[in-house]
Amino acid sequence: MKMLGSKAMVKALEIENVSHIFGYPGAAICPFYDALLDSNIKHILTRHEQGAAHAASGYARATGKTGVCVATSGPGATNLITGIATAYMDSIPIVAITGQVSTEQIGRDVFQEADITGATAPFCKHNYLVKNAEDLPRIFKEAFHIASTGRPGPVLIDVPIDIQNSELDFNYPEEVNIKGYKPTYKGHPLQIKKIAEAIEKAKAPVICAGGGIISARAEPELMALVEKCNIPVVTTLMGIGAIPSTHEMYLGMLGSHGNYVANYAIHNADVVIIMAARVGDRAMGTAKKIAKKARIIHIDIDPAEIGKNIDVEIPVVGDIKSVLQDLLQEVGEYSKSEWVEKLQEISRQHSQRKEEDVDPQGPVKPRYLLRTLSDLLMDDDNVILTTEVGQNQIWAANNLIIRKPGGFITSGGMGTMGYGLPAAIGAKVGSPDSTVINISGDGSFQMSLQELGTIKQNKLGIKIIILNNSGLGMVRELQKRKYSGRYYQVNLESNPDFIKLAGAYDIKGEKITRNCEVEEALRRMLSEEGAFILECSVDPEEPTL
Amino acid sequence: MAKHILSVLVENHAGVLSRVAGLFSRRGFNIESLAVGVTENPDVSRMTIVVEGDEYIVEQVSKQLNKLINVIRVKKLESQDSVRRELALIKVVATASTRSEIIQIVEIFRAKIIDVSRNTLTIEASGDEEKISALEQMLKQFGIKEIVRTGLIALERGNKHIKANNNDEE
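Here is what the cut-offs are and how they apply
- Residues numbered from 1 in each chain as written.
- Chains lettered and ligands numbered in written order.
- Predicted model: local features only at pLDDT ≥ 70, side-chain atom pairs only at ≥ 80, totals over all residues.
- Axes fitted to C-alpha atoms, helices over the stretch in contact; angles between N-to-C directions.
- Helix = DSSP H or I, 4+ residues; strand = E, 2+ residues; numbered from the N terminus.
- Parallel < 35°, antiparallel > 145°, perpendicular 65-115°, else oblique.
- Left-handed = near helix turned anticlockwise from the far one by under 90°.
- Contact = placed C-beta atoms within 7 Å.
- Nonpolar A, V, L, I, M, F, W, Y, C, P; charged D, E, K, R; others polar.
- Pairing = 2+ DSSP bridges.
- Buried ≥ 20, exposed ≤ 12 C-beta atoms within 10 Å, placed from the backbone.

Novice: Sorry if this is basic, but what is going on with the packing of helix H1 (residues 5-15) of chain A against helix H2 (residues 30-37) of chain A here?
Specialist: Between two packed helices, the angle of one axis relative to the other and the distance separating the axes together describe the packing. Residue and element names in this part refer to chain A. Across the interface, H1 lies against H2 with an axial gap of 8 Å and an inter-helix angle of 55°. Taken together, H1 and H2 sit at an angle that is classed as oblique. Note on packing geometry: the crossing formed by H1 with H2 is right-handed. For the pair H1 and H2, the contacting residues are Ser6, Lys7, Met9 and Val10 in the first and Pro31, Phe32, Asp34, Ala35 and Leu36 in the second. Of the residues contributing to the contact of H1 with H2, the split by class is 6 nonpolar, 1 polar and 2 charged.

Novice: What should I look at first to understand the interface of chain A and chain B in this one?
Specialist: Interface size, as often reported, equals the accessible area lost upon joining of the parts. Across the contact, 13 residues belong to chain A and 16 residues belong to chain B. Tallied by class, the residues present in the side of chain A that touches chain B amount to 7 nonpolar, 4 polar and 2 charged.

Novice: Where do I start with the sheet that holds strand S3 (residues 42-45) of chain A in this structure?
Specialist: The strands making up a sheet associate through backbone hydrogen bonding, with each pair oriented either parallel or antiparallel. All names here are of chain A. Spatially, the 6 strands line up as an open sheet ordered S3-S2-S4-S5-S7-S6, and their pairing is parallel. Each having just a single partner strand, S3 and strand S6 (126-129) make up the two edges of the open sheet. Between one strand axis and the next, the sheet turns by 20° as a mean value, whatever way the strands run. Bridging between strand S5 (residues 94-100) and strand S7 (residues 155-160) involves 6 bridges; their strand directions are parallel. Bridge pairing in S7 links Gly99 to Val159. Those strands touched by helix H7 (residues 136-148) are S5, S6 and S7, and its axis lies near 160° from that of S7.

Novice: Can you walk me through the pairing of strand S1 (residues 3-11) of chain B in this structure?
Specialist: Within a regular strand, side chains alternate between the sheet's two faces. Residues and elements named next belong to chain B. Where S1 and strand S3 (residues 44-52) come together, 9 bridges link them in antiparallel fashion. From the neighbouring strand, His4 faces S3, where its bridge partner is Val51. Inspection of the sheet shows S1 paired to strand S4 (residues 71-77) by 6 bridges, in the antiparallel sense. Directly across from Leu9, in S4, lies its bridge partner Arg73.

Novice: Is there a simple way to explain the environment of Val436 of chain A in this structure?
Specialist: All names here are of chain A. Mapped onto the fold, Val436 is located in strand S17 (residues 435-441). According to the C-beta neighbour criterion, Val436 is buried, with 28 such atoms within 10 Å. When the C-alpha positions of Val436 and Pro220 are compared, they lie 24 Å apart, and in sequence the two are 216 residues distant. If sequence neighbours within four positions are ignored, Val436 has contacts with Ile384, Ala424, Ala427, Lys428 and Ile462.

Novice: It is not clear to me how the packing of helix H3 (residues 49-63) of chain A against helix H5 (residues 81-89) of chain A should be interpreted in this structure. Could you clarify?
Specialist: All names here are of chain A. Two elements in contact, H3 and H5, have axes whose closest approach is 7 Å; the angle formed by their N-to-C orientations is 25°. Accordingly, the angle class assigned to the pair H3 and H5 is roughly parallel. Crossing of H3 against H5: the hand is right-handed. In this structure, H3 contributes Gln50, Ala53, His54 and Ser57 to the contact, and H5 contributes Thr82, Gly83, Ile84, Thr86 and Ala87. Counted by class, the contact of H3 with H5 contains 3 nonpolar, 6 polar and no charged residues.

Here's what the structure looks like:
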């Protein structure tokens, strides 16, 4: 069927089941927008292209579908880069579509021209510069395939304006055939048997579950294995939600900002089973030490991750869901009670020690607030919490109860400030019946605050908690520890009145300064149907851990 | 540092070379040389890359290359199982008194003279890295004005060949 390139792009998106896209128009992408107007696909206009990219990412994590963002050429495209890089580091499936100047103008530094395919090559699984309108259907099919299969990740499609305006004969391919891309899904049966033997013999096994468990939707298999073999579980930051936080075998997040018993377990185990995690430096920076003491098993769909940061005794390349299903057939029911009891005792000791004195009149204690929030959300089965980056992120990771996968959305690998608010927008758009709450700091909030406009325009009932310590808390803490308290450029004393700001967007808000106000304020925030900003005064000296 | 030869089959598209080079630069891998050209199949090019590094580096290089969508196959070539050649053009200072000596050296190395002028001779030589380096050493004493080397290309010995599908042997 003959049609214009712009129409073909929209048709391809429809065939790929795309229901929402996040974007910002411009000259070079106008033909696409004109075709989009006639489609049933809903477009959400953000206030910055970076917001569109982060929203696509949040949408992908909340729904499991591939997120889509659109921008124009030049600065529109380059504004997507941080969002694309953020998704790349955390293996989130998104397709970014950018307009480009006309093919004969490329390379002549014309208005709003940028080599976006060159610039994003380090941050994409793959990208395309479309040179023939005829290639559009195949490219879109391949792009969605690459983004969502194997180890998920971003794919960018750059479409020059003359291609959008050219005619083609639209034929959407049935299959993809990419010679250089054939991920391995089924794990090697002999290797899987070896894992089963190792688990059987182990006296102190521990599972380290990463973000890949959530991408692969392997939570039921993980739970089944944990309960059959009685193996305790720690998660990385990206793995939070792979097993409900309340599960008795869950020890918490490991790593430099993780919790005591999780790190104790990882450093004293005799078998460590790393599942769909990339052995990031913050999670397992002490990899060498761990590998000396324990037998390391690493299961991942990306062969390049195995052996990259830690020496592995039993590697398995494959899709974690499939590998766990096979593994469940090989293992028996085991009891590692001595080890498990020891860990539970340590967990009790340390959580008692951490039970802090909360002065009702004192500035808001973030841990107390987040635990109270978790208590209030106990009966809500559809909660999605997003975080920004810094102290707010770590307090959230260590103190929130997450009961379902996709319930915790954060920027792990890149640690991008300003991620949480647009990601919450994406999550709410994708999962409108969920309670969506963004945990933020005053610094991070100001990186994306223009997206309050998106919230207002689309009437999204997102709750935002701003833990306001008038500064960049994490960096301040670093300067305190490593630079003898020579604080520099970490002070945000000239913060705006956030509640007035919210009001300017017709968003309700409230400021609290004391712990005794926390519970009631949270209740009001949760019962409010529309968007709500809760600003809390936090002591700048409040430590992260 | 140990050197390893990788034979990489890639799709013959614009930009593939740039992606491979970009990969090496951002992951900090050291390329000693890179030669690329089309194969018996016009849609496929072969890159021969000489990498400096230990076993861990070579393994990571191969795995990261494999992740690139345009890369079809990566094969490490062991020195005993492969034939390696490179081409060099060497412009050497040659006066009436030194010319015959240079010509003799060229004959010994089975190289060719492809250009002559009053003061220079340009030599074309092909062989493995050791042969080219040895020739260069011998010519140094006369004064080398310019030298250009293509970088290594290599194929596996015997019946085996690397095809653009997943089978190594034929």
